[in-house]
Structures are given as C-alpha cells and as structure tokens.
Amino acid sequence: MKLYTKFTLYSTLSKILIVVVFLVFIPSVIQRLALSHTDLQLLSMKNKTLDIVNRLGVKEFIEEEHDSIFASYNILKEEFIYIEPLQGEHTNAEVFENAQRIIENETVDFRVLMYTFKSNGQYYLLEVGKSLSRIELLQDYFRKLTFFVLIIVILITIGADVMFTRYLLRPMQLIRDKLKRTNHPESFDFTTTETTTVDFRHLDESINEMMHKINAAFGHERQFIANVSHELLTPISIMKNKLENSLADEKIPDDVAMRIIEITNTLNRLIKIVNALLLISRIDNRQFLREDDLQLKDLVNEVVAEIEDRAI
C-alpha cells in the first residue's frame, strides 16, 4: 500500500472513529446543554417576575385572581408562573427539578425553578417552568445542528488532510520518479528536489550522494577491467607468437608439437575471454552498440565449438 494511501486511510478512519465516539456521548452532552439553556431561561423569567413584583408589589398579582395564589401559563401550556404565600420564615433558595403540574385537568411535565422570596414581610414561593416537550424539541434541534456541523467539519478536514498529504508527499513522489526513470547510474538526474521538509531534503541528498558513489564505482570497475584486459593481452600474444614460431621448427618431436598446439588453443580461449571482458567494458561505457541480427543456431554452434574440447 502506498504511503499516500495509508495517510488518507488513517485520516478517514480517525474521522469515522471521532464521529462514532461523538455520537455515543453527544446525546448526554446535548441533554445537559439543553437543560442548562432552559435553566438560564427560567432564571431570566424569575428575574423579570421579581422585577415586576418589586415595582408593583405581589398584591397586584394576587388581587387579579381574587385569591391568595397566582398562576399563569400560556395557551400552549409550555410555560407557567406560580406564586404562593408561605407560612413562617424561609431562606431564599433556588431549586431546579423536573416535576409534573396539572393544568386544566391535564398533567404536563415541566422543568421547574422554585424560588422563595420575601415581599412586605411575607414569604412567597415563586415557581417558573417550561414544558419538557419544548426542551426535547430544543434537544432535537441541537442534535441536528451538531450532527450537520460535525459532518461539514469532517468533510472539510478530510479534504484538507488529503490536499496537505498530497502536497507534503510530493517530493517523495518526485524522488521515486527519478529512481524509476534510471536504468544506469550515468542517466540518473542529480537535480536537487525542491522541498521544505528536512527529511525529504536529507533523503534526496543521500540518494544523490549514493548515486555519485555508484557511478564512480562503475567507472573504476570498467577502467580496471579495460586495463587488466589490455595488460593480459600483451603477454598472451607474446607467448602465442613464440609457440607458433616453435611449431615452425620441423625438428621438434610430434608429442611436443601436440602439447604446443594444446597450449596454443588454451591461449586462444584466454584471448577470447579477455576480448569478451573488453567488449563488456565497452558496452558498459556505451562505446559499443551491436545492432546485428542474432541467429540462435549459429550462436549455439559457436558455444559448442568453444567448449567441445573441455567436454571430452
């Protein structure tokens, strides 16, 4: 698997894992968030009610109902305000709870804020509440909004990760292409790859340095083979000439002549080996390009003739 693919796969899987974890924990978080938001609204309702009480007095509420208790709720039964006088002394305290209230013979679940306050020497209980069904609608809104924002953020981050990973690994791609296009150390492109990443820059410099060393080693090897081949041809040629001159003498015995012929054949094979080394050296140096058609049968016959005396 390519490094770019691994980075992309890791980024995608990590985002999916974040979504899964988020979806597991987000309901409780949203529930707390909705309750916190509702509690803030209840506190605001309480403060506004107390402001009216401070300005008009609590009797204004009680007298409107011609009773000692004041209760008001909206037409949809989503909110209510309740004021009731208390006996004795009480401390000012705020209490939040989920409770049921009966409104027009209908039981409704509310989030209720209960607060005790004192007005004109009398303690009163103030209750303000919001319907839990409205809170659930708020939670559903928060869930949809959060999920939508999460998907948008994940898509944006995945796209950004893919683009940044491609940009980050582009020098690696260029270095790999340089190596793939090289079929010989001499054809290697020693141009420095432009990158701001120190690791890739060090890698490119190391590869260039290595290819320089390999190219120099190839050159030394070719030069060594050429020098050795030339040095070997000189004494071999001298020995062959002396043996051929010896064969020209009619006084040498036949058995000696046969040995000289065998030695001459061996020297001829050695000359062919040295010439082959020279040919290899010239090919490596690109000094020999053979474009002749090759006949496999003739090549096999040539090889058989070359090793025939050794096979006996």
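Each value, and the rule that gives it
Residues numbered from 1 in each chain as written. Predicted model: local features only at pLDDT ≥ 70, side-chain atom pairs only at ≥ 80, totals over all residues. Heavy atoms only, no water. pLDDT = per-residue confidence, 0-100. Helix = DSSP H or I, 4+ residues; strand = E, 2+ residues; numbered from the N terminus. Pairing = 2+ DSSP bridges. Expected span 1.5 Å × (residues − 1). Buried < 20%, exposed > 50% of the residue type's maximum accessible area, 1.4 Å probe, protein only. Axes fitted to C-alpha atoms, helices over the stretch in contact; angles between N-to-C directions. Contact = heavy atoms within 4.5 Å. Salt bridge = Lys/Arg side-chain N within 4 Å of Asp/Glu carboxyl O. Parallel < 35°, antiparallel > 145°, perpendicular 65-115°, else oblique. Nonpolar A, V, L, I, M, F, W, Y, C, P; charged D, E, K, R; others polar. Polar contact = N/O pair within 3.5 Å; in protein donor to acceptor, adjacent residues only side chain to side chain. Patch = residues over 30% accessible without salt bridge, like charges linked within 9 Å, V, L, I, M, F, W, Y side chains within 5 Å. Areas by Shrake-Rupley, 256 points an atom, 1.4 Å probe, with all protein chains shown as cover. Core = buried A, V, L, I, M, F, W, Y, C linked by side-chain atoms within 4.5 Å.

Q: What exactly am I supposed to notice about the confidence of the model for the chain here?
A: Predicted coordinates in regions of low pLDDT should not be interpreted in detail. Summary statistics for the chain give a mean pLDDT of 79 and a share of 90% for residues scoring 70 or more. Across the chain, the element-wise mean pLDDT spans from 60 in helix H2 (residues 59–65) up to 87 in strand E5 (residues 122–131).

Q: Sorry, what's going on with the pairing of strand E2 (residues 79–86) here?
A: Side-chain direction in a regular strand flips from residue to residue, so the side chains alternate between the two faces of the sheet. In this structure, strand E1 (residues 70–73) lies alongside E2, joined through 4 bridges in antiparallel fashion. Bridge assignment links serine 72 to a residue of E2, and that residue is isoleucine 81. In this antiparallel pair of consecutive strands, E1 and E2, the connection spans 5 residues, and lysine 77 shows a positive phi of 60 degrees. Here 8 bridges tie E2 to E5, and the two strands are oriented antiparallel to one another.

Q: Where do I start with helix H4 (residues 198–247) in this structure?
A: Since one α-helical turn is 3.6 residues long, residues separated by three or four positions face the same way. Look at H4: 73 Å from first C-alpha to last across 50 residues, which is about the 74 Å you get at 1.5 Å a residue. Among all positions of H4, only Phe200, Asp204, Ile207, Asn208, Met211, Arg222, Ile225, Ala226, Ser229, Leu233, Ile236 and Leu243 are buried.

Q: Explain the sheet that holds strand E3 (residues 94–103) here, please?
A: In any sheet, the strands associate via hydrogen bonds between backbone groups, in a parallel or an antiparallel arrangement. Spatially, the 5 strands line up as an open sheet ordered E1-E2-E5-E4-E3, and their pairing is antiparallel. In this open sheet, the two strands that pair with only one neighbour each are E1 and E3. Taken over all neighbouring pairs, the strand axes of this sheet differ in orientation by 25 degrees on average, direction set aside. Bridge count for E3 against strand E4 (residues 106–119) is 10 bridges, and the pairing is antiparallel. From the neighbouring strand, isoleucine 102 faces E4, where its bridge partner is threonine 107. Packed on one face of the sheet, helix H3 (residues 132–180) meets E2, E3, E4 and E5 and runs near 45 degrees to E5.

Q: What am I meant to see in the pattern of salt bridges here?
A: When their charged atoms lie close together, side chains carrying opposite charge are able to pair. Tallied over the entire structure, the rule returns 7 salt bridges. One salt bridge in this structure joins lysine 178 and aspartate 204, with 3.1 Å as the shortest N-O distance. Placement of lysine 178 in helix H3 and of aspartate 204 in helix H4 is noted, with a sequence separation of 26 residues between them.

Q: What should I look at first to understand the packing of H3 against H4 in this one?
A: Between two packed helices, what matters for the description is the angle formed by their axes and the separation of those axes. Where H3 meets H4, the axes come as close as 10 Å, and the angle between the chain directions of the two elements is 10 degrees. Comparing their axes, H4 and H3 come out roughly parallel. Along its contact with H3, which presents Leu168, Leu169, Pro171, Met172, Ile175, Lys178 and Leu179, the element H4 presents Phe200, Leu203, Asp204, Ile207 and Asn208. Tallied by class, the residues present in the contact of H3 with H4 amount to 9 nonpolar, 1 polar and 2 charged.

Q: Would you mind showing me how to read the side chain of serine 131 here?
A: Relative to the helices and strands, serine 131 resides in strand E5. Among the polar contacts made by the side chain of serine 131, one reaches the side chain of serine 133 at a distance of 2.7 Å. Contact partners of serine 131, with chain neighbours within four places excluded, come to Lys77, Glu78, Val108, Asp109 and Phe110.

Q: Where do I start with the environment of leucine 35 in this structure?
A: For leucine 35, the location among the structural elements is in helix H1 (residues 3–56). Excluding residues that lie within four positions of it along the chain, leucine 35 makes contacts with Arg111 and Ile135.

Q: How should I be thinking about a nonpolar patch on the surface in this particular structure?
A: Taken together, the side chains of Leu9, Leu13, Ile16, Leu17, Val20, Val21, Val24, Phe25 and Val29 make up a nonpolar region of the molecular surface, amounting to roughly 820 Å² of accessible area. Relative to the helices and strands, valine 29 resides in helix H1.

Q: Explain the side chain of arginine 111 to me, please; I cannot follow it from the model alone.
A: When you line up the elements, arginine 111 lands in strand E4. Taking the relative accessible area as the measure of exposure, arginine 111 reaches 12% and is therefore buried. Engagement of the side chain of arginine 111 in a polar contact is seen with the side chain of aspartate 39, the distance being 3.0 Å. Excluding anything up to four places from it in sequence, arginine 111 contacts Leu35, Thr38, Asp39, Leu42, Phe96, Glu97, Asn98, Val128, Gly129, Lys130, Leu132 and Ile135.

Q: Where do I start with the nonpolar core in this structure?
A: In summary, soluble globular proteins display a tendency toward joint burial of nonpolar side chains. Ile83, Phe117, Leu126 and Val128 are the most contacted members of the largest nonpolar core, which totals 13 residues. Looking at this core, the elements with two or more residues in it are H1, E4 and E5. With 4 residues, H1 is the largest single contributor of residues to this core.

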